[in-house]
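This is what each chain is made of:
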Amino acid sequence: MDLRIFTEPQQGASYGDLLTIATATERLGFDAFFRSDHYLRMGDDPFEGVPGPTDAWTSLAGLARETSRIKLGTLVSSVTYRHPGILAIQVAQVDAMSGGRVELGLGTGWFEREHLAYGIPFPAKRFGMLEEQLEIITGLWGTPLGETYSFEGEHYTLVDSPALPKPVQHPFPVIVGGSGPTRTPKIAARFATEFNVPFAEFADIPLRFRAVREACETIGREPSELVYSAALVAAVGSNAADFERRAAAIGREPAELREHGLAGSPAEVVDRIGALRQDGVERLYLQILDIHDLDHLELIAAEVMSQLD
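Parameters and conventions
Residues numbered from 1 in each chain as written. Predicted model: local features only at pLDDT ≥ 70, side-chain atom pairs only at ≥ 80, totals over all residues. Heavy atoms only, no water. Buried < 20%, exposed > 50% of the residue type's maximum accessible area, 1.4 Å probe, protein only. Helix = DSSP H or I, 4+ residues; strand = E, 2+ residues; numbered from the N terminus. Pairing = 2+ DSSP bridges. Salt bridge = Lys/Arg side-chain N within 4 Å of Asp/Glu carboxyl O. 1 Å grid on protein atoms, 1.4 Å probe; cavity = no way out; pocket = protein on both sides within 12 Å on 5 of 7 lines; lining within 4 Å. Points joined across faces, edges and corners; volume = space filled by probe spheres on them. Nonpolar A, V, L, I, M, F, W, Y, C, P; charged D, E, K, R; others polar.

Points about the pairing of strand β10 (residues 227-236)
Along β10, nine of the ten residues are buried, which leaves the element largely enclosed by surrounding structure. Of the strand pairs in this sheet, strand β9 (residues 194-198) and β10 are connected by five bridges, and their pairing is parallel. Its bridge partner lying in β10, V197 is registered against A230. The pairing of β10 with strand β12 (residues 283-288) spans five bridges and is classified as parallel. Following the sheet pairing, S229 is matched in β12 by R283. Where β10 lies against strand β11 (residues 262-264), three bridges are found, and the strand directions are parallel. By the bridge assignment for β11, V236 is matched with G264.

As for the pattern of salt bridges
Across all of its chains, the model carries 16 salt bridges by this definition. Put simply, D293 and R246 hold a salt bridge, and the shortest N to O gap is 2.6 Å. One end of the pair, D293, is in the loop between β12 and α11 (294-303); the other, R246, is in helix α8 (residues 240-249), with 47 residues separating them in the sequence. You can call R246 buried: its relative accessible area is 6%. A single network of salt bridges, built from pairs that share partners, joins R4, D31, K71 and E103.

Remarks on the layout of surface pockets
If you roll a probe as big as a water molecule over the atoms, it shows you where there is empty space left. In this structure, the largest pocket spans a volume of roughly 810 Å³. Surrounding the largest pocket, 36 residues form its lining, L75, V76, W110, P198 and F199 being those nearest its centre. Broken down by secondary-structure element, the contributors of at least two residues to the lining of the largest pocket are β4 (77-78), β5 (102-107), α5 (127-142), β8 (174-177), β9 and β10. Looking at the lining of the largest pocket residue by residue, the classes come out as 16 nonpolar, 15 polar and five charged. Its boundaries defined by the atoms lining it, the second largest pocket holds a volume of some 310 Å³. Of all the secondary-structure elements, those providing two or more residues to the lining of the second largest pocket are α5 and α6 (183-191). Take the lining of the second largest pocket: its biggest share by element is three residues, from α5. Looking at the lining of the second largest pocket residue by residue, the class counts come to seven nonpolar, five polar and four charged.

So, in structure tokens, the structure goes:
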């Protein structure tokens, strides 16, 4: 079971904060460091998110040069932020800067308020944009050297692109996730190397995996070619008081965290991970909301990760 650290920097984090937790992620043996791709704090007061947003791919470029082992990526970038041709260049460049350790999570976006705050267009219908962006990005990367790539769709048109630069990795890891019952599984089956279920009820996770497997079979793709993952909030304490303190620090109730996340004592979390593995989860993204609590990562590494195969 891969354990990955997943952060929400829009809640208030500088690049230095991200570097500190990313290097701790690497030192402690976690598989990867991922971040959300947002430009505004979620909550009543956007100014509480001082020092303000960090751009996901700019910060990952820096981390690519200051880490050496962990995978790096977004969960997930929004199609509203960047033209697919530019995003393909950015991601390929950061992949080269990391020596082939980058993964791209891509989604439709949902947070209208951040678009209003920074003047980013927010179309009412974005699923078609997602499908076209995935086709364009994978098409650009898959175009043989010396050939050009063109595309004409409802949202984007590319004419005779040299389709450069190429990422180091081939095929490149692309993450698609969500809860849609039909279109999301179909898109994952076509384009993804990984399907992610974010913050779902535990009982729903195997059902969503099943939909993707069925979509793969429909188009003749082997379902086992995909990695099946889940993202869940993490709050672990060495004792009851420690756990309750961490729950309070992120504004959550202990009982609710146990019901919906990876929460409680290390033994409880190990048991929960075992149950998730039986439901088909192969990789877990641990949402760490208090990025300054590095002792939390130390505890998870020492008493949870060490107990997993």
